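What follows is the residue order along each chain.
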Amino acid sequence: MQLLGMDQQSFGDALRLGLRTAARRVRQRASLLLAVTIGGGAVALMGGLSPWMIVLGAALALVLAALVSLEGEDAGAAERASSRAQRSAAAEMAGRWRAALDAVPDPVIVLNHGGAIVHINPAAREIYALLRPGGQPSLLSRDPIFLQAIDEVLDDGRQQSVEIQERIPFDRRVRITLTAVPETSADEDGPRVVIALRDLTDQDRLGRMRADFVANASHELRTPLASLVGFIETLQGRASDDPVARARFLGIMGQQAARMSRLVDDLLSLSRVEMREHVPPRTAIDLNDTVAAAVQALEPVARAAGATLKFSPCDGPAVVLGETDEIVQVVQNLVQNGLKYGAPGSPVAVTVRREARGPTSRIAVAVRDEGPGIPPEHLPRLTERFYRVNPKSSREKGGTGLGLAIVKHIINRHRGEFRIESELGKGSTFTFVIDEQARRPSAAL
Ligand SMILES: Nc1ncnc2c1ncn2[C@@H]1O[C@H](COP(=O)(O)OP(=O)(O)O)[C@@H](O)[C@H]1O
Ligand SMILES: [Mg+2]
């Protein structure tokens with residue numbers, strides 16, 4: 001039951017406190033009233049009034065005073081209890097909004113009416129370790145644009161959005177949105193401004209990567225194109241009557257055109273596989289068969305390079321969910337690299353094997369060469385577009401610098417893992433691993 005906005009228990013407490021205080025006051029005033037009564041009695045006796053009447057009047061006055069005092073105390077206690085209840089409700093509210101902001105994954109900071117920090121959520125605490133409740137937001141940034149935005153939002157309550165460049169602890173661009181909270185209470189420490197921070201560094205890096213990619217692709221295309229244009233001019237000019245020079249130039253022009261065409265093919269492959277990366281393949285294929293076919297198709301290339309290809313399938317079917325064309329592309333890219341960058345005439349081995357992993361198993365396909373190997377500092381960057389250990393040698397060997405980037409995206413699409421291991425002087429092993437499909441009779445091909 002609710003009484004004066006309080007529950008029964010608080011009302012009972014308030015009443016008990018009121019009665020105790022009233023009794024104390026009555027006790028304090030009783031001696032005064034006694035003196036008044038005696039004095040009054042004497043005066044009355046002298047003036048002819050009955051002393052009993054005076055005593056009765058004084059007693060009535062005493063009871064009246066007690067009642068008035070009780071009522072006043074009652075109201076005071078109720079007021080105090082109600083403000084206590086209000087304070088606990090406000091604390092509960094504060095606990096709730098703080099918990100809600102703590103669940104936000106982006107950094108959020110809250111200021112009070114005076115512009116001091118009243119809350120820092122965990123995401124903000126992680127980045128801005130110096131911030132403390134009660135502190136000033138200038139510890140977050142001293143950028144005048146930010147400080148002015150705080151003043152303005154405190155002033156007129158209009159949302160502000162600013163971008164600041166930070167140098168410490170590392171270079172990053174941050175967008176800060178300052179939003180005023182509608183006034184719900186007069187509490188000085190209540191939330192007044194919510195500061196939400198968004199790190200734009202990743203977005204910037206992606207933008208830069210895109211711009212770099214376009215610049216690299218254009219550069220790769222422009223080099224053979226410039227050479228083609230040069231030879232055309234030469235053929236139209238001084239070489240027009242020289243059949244030997246013409247034949248030689250046409251040969252080079254053919255190579256340059258082929259290089260451009262490989263580059264365009266690889267660019268298209270990359271964009272196609274990137275577009276499909278979020279949709280994993282759903283067809284069950286046997287990697288023993290797919291890899292064998294891919295290796296077989298490269299036999300003539302290996303023979304021309306004086307190298308041998310060794311293929312070892314795994315025991316039993318090696319069924320995974322995969323896209324045959326893409327797996328063939330992966331194997332061919334890796335085997336071609338092994339033939340190109342391995343020791344001349346040395347073997348390239350392709351192995352399919354089963355890797356147990358707890359109750360499930362995965363199928364691993366490894367392509368190993370016996371070449372000079374790759375210095376370890378290059379390994380993490382090999383799958384970046386256009387990254388080459390030796391750009392000149394790659395170009396001379398007909399490489400586009402996109403092969404391993406395509407491989408990585410295809411393996412990502414298959415939700416697989418791609419590993420590169422290399423030992424200088426011994427050779428390199430490129431391995432991709434894909435979950436094996438549970439062996440059901442219907443899944444077998
Ligand atoms: N088997 C290998 N042995 C040594 N280096 C390799 C091997 N495979 C790839 N690389 C290095 O990785 C680079 C990137 O390979 P890739 O993306 O296939 O591009 P490309 O072959 O067109 O140059 C190559 O330029 C080469 O420097
Ligand atoms: Mg390659």
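1. Things to note about the overall build of the protein
The number of helices and strands found in the protein is 11 helices and 14 strands. Among the 445 residues that make up the protein, the fraction classed as buried is 36%. Long-range pairs, those at least 24 residues apart, make up 60% of the contacts in the protein between residues at least 6 apart in sequence.

2. Side note on the sheet that holds strand E6 (residues 172-180)
Within the open sheet, the five strands sit side by side as E4-E3-E7-E6-E5. Their pairing is antiparallel. Of all the strands in the sheet, just strand E4 (117-120) and strand E5 (160-166) have a single pairing partner and so form its edges. Sheet twist, expressed as the average angle between the axes of neighbouring strands with direction ignored, equals 20 degrees. When strand E3 (residues 108-111) meets strand E7 (residues 193-199), the two strands line up antiparallel, connected through four bridges. Bridge pairing in E7 places Val 110 opposite Val 194.

3. Notes on the packing of helix H9 (residues 324-341) against helix H11 (residues 403-413)
Viewed as axis vectors pointing N to C, H9 and H11 meet at an angle of 145 degrees, and their least axial separation amounts to 9 Å. Between H9 and H11 lies a crossing whose hand is left-handed. Contacts from Glu 326, Gln 329, Val 330, Asn 333, Leu 334 and Asn 337 in H9 reach Gly 403, Leu 404, Ile 406, Val 407, Ile 410, Ile 411 and Arg 413 in H11. Per-class residue counts for the contact of H9 with H11 are seven nonpolar, four polar and two charged.

4. Looking at the site of ligand 1
In the vicinity of ligand 1 there are 18 residues, among which Tyr 341, Asp 369, Ser 394, Thr 400 and Gly 401 approach most closely. Between an oxygen atom of ligand 1 and a side-chain N or O atom of Lys 340, the distance comes to 3.2 Å. In the environment of ligand 1, an oxygen atom lies 2.7 Å from a nitrogen or oxygen atom belonging to the backbone of Thr 400. When ligand 1 is considered free in solution it has 530 Å² of accessible area, and contact with the protein chains removes 96% of it. The pocket occupied by ligand 1, as judged from atoms lying within 2 Å of grid points, is the largest pocket. Mapped onto the shell around ligand 1, the elements with two or more residues apiece are H9, H11 and strand E14 (427-435). At three residues, the largest contribution of residues to the shell around ligand 1 is made by H9. Considering only residue class, the shell around ligand 1 consists of eight nonpolar, seven polar and three charged.

5. Side note on the layout of surface pockets
When its volume is computed, the largest pocket comes out at roughly 960 Å³. Asn 333, Asn 337, Lys 340, Tyr 341 and Gly 399 are the residues nearest the centre of the largest pocket, which is lined by 41 residues in total. Elements represented by at least two residues in the lining of the largest pocket include exactly helix H6 (243-276), H9, helix H10 (391-396), H11 and E14. Broken down by element, the lining of the largest pocket gets its largest block of residues, nine residues, from H9. Classifying every residue of the lining of the largest pocket by side-chain character gives 14 nonpolar, 19 polar and eight charged. For the lining of the largest pocket, the domains that each give at least three residues are domain 3 (204-276) and domain 4 (284-435). In this structure, the second largest pocket occupies an estimated 470 Å³ of space.

6. So, H9
An ideal rise of 1.5 Å per residue puts 26 Å on 18 residues; H9 measures up with 26 Å between its terminal C-alpha atoms. For H9, the set of buried residues is Glu 326, Ile 327, Val 330, Val 331, Asn 333, Leu 334, Val 335, Asn 337, Gly 338 and Leu 339.

7. With respect to the nonpolar core
Leu 287, Leu 334, Val 335, Phe 418 and Phe 432 are the most contacted members of the largest nonpolar core, which has 46 residues in total. Listing elements by their share of this core, those giving two or more residues are H6, helix H7 (287-297), H9, strand E11 (348-357), strand E12 (360-369), H11, strand E13 (417-423) and E14. Of the residues that make up this core, three or more belong to each of domain 3 (204-276) and domain 4 (284-435). Apart from residues lying up to four places away in sequence, Val 335 is in contact with Leu 298, Leu 309, Val 348, Val 350 and Val 367. Core analysis: the next-biggest nonpolar cluster, separate from the first, contains 21 residues, Leu 140, Phe 146, Ile 164 and Ile 195 among them.

8. Observations concerning a negative patch on the surface
Among the surface-exposed residues, Asp 151, Glu 152, Asp 155 and Asp 156 lie close enough to one another that they form a single negatively charged patch. Along the chain, the position of Asp 151 falls in helix H4 (residues 144-156).

9. Some thoughts on the confidence of the model for the protein
Confidence in the prediction for the protein averages 85 pLDDT; 81% of positions are at 70 or higher. Counting interchain partners and residues more than four positions distant, the pLDDT-below-50 stretch residues 1-7 has 11 contacts. Note on residues 441-445: pLDDT under 50 across the span, and six contacts to partners over four residues away in sequence or across chains.

10. Quick word on empty space enclosed by the protein
Evaluation of the coordinates by the stated rule reveals one cavity of 30 Å³ or more. Of the voids in this model, the largest cavity is the one considered here, and its volume is about 30 Å³. Residue lining of the largest cavity: Glu 220, Arg 259, Leu 263, Gly 399 and Thr 400, and that is the complete set. Across the lining of the largest cavity, the residue classes break down as one nonpolar, two polar and two charged.

11. Comments concerning unusual backbone geometry
Positive phi outside glycine occurs at Phe 386, with the angle close to 65 degrees. Relative to the helices and strands, Phe 386 resides in the loop between E12 and H10. The buried category is assigned to Phe 386, whose relative accessible area is 11%. Although it is not a glycine, Arg 415 adopts a positive phi angle of roughly 55 degrees. Mapped onto the elements, Arg 415 comes out in the loop between H11 and E13.

Quick notes on the rules
Residues numbered from 1 in each chain as written. Chains lettered and ligands numbered in written order. Predicted model: local features only at pLDDT ≥ 70, side-chain atom pairs only at ≥ 80, totals over all residues. Heavy atoms only, no water. Helix = DSSP H or I, 4+ residues; strand = E, 2+ residues; numbered from the N terminus. Buried < 20%, exposed > 50% of the residue type's maximum accessible area, 1.4 Å probe, protein only. Contact = heavy atoms within 4.5 Å. Pairing = 2+ DSSP bridges. Axes fitted to C-alpha atoms, helices over the stretch in contact; angles between N-to-C directions. Left-handed = near helix turned anticlockwise from the far one by under 90°. Nonpolar A, V, L, I, M, F, W, Y, C, P; charged D, E, K, R; others polar. Near = heavy atom within 4 Å. Polar contact = N/O pair within 3.5 Å; in protein donor to acceptor, adjacent residues only side chain to side chain. Areas by Shrake-Rupley, 256 points an atom, 1.4 Å probe, with all protein chains shown as cover. 1 Å grid on protein atoms, 1.4 Å probe; cavity = no way out; pocket = protein on both sides within 12 Å on 5 of 7 lines; lining within 4 Å. Sits in = over half its atoms within 2 Å of the grid points. Points joined across faces, edges and corners; volume = space filled by probe spheres on them. Domains from an automatic or database assignment. Expected span 1.5 Å × (residues − 1). Core = buried A, V, L, I, M, F, W, Y, C linked by side-chain atoms within 4.5 Å. Patch = residues over 30% accessible without salt bridge, like charges linked within 9 Å, V, L, I, M, F, W, Y side chains within 5 Å. Salt bridge = Lys/Arg side-chain N within 4 Å of Asp/Glu carboxyl O. Lys, Arg positive; Asp, Glu negative; His and termini not counted. Charge placed at Lys NZ, Arg CZ, Asp CG, Glu CD. pLDDT = per-residue confidence, 0-100.

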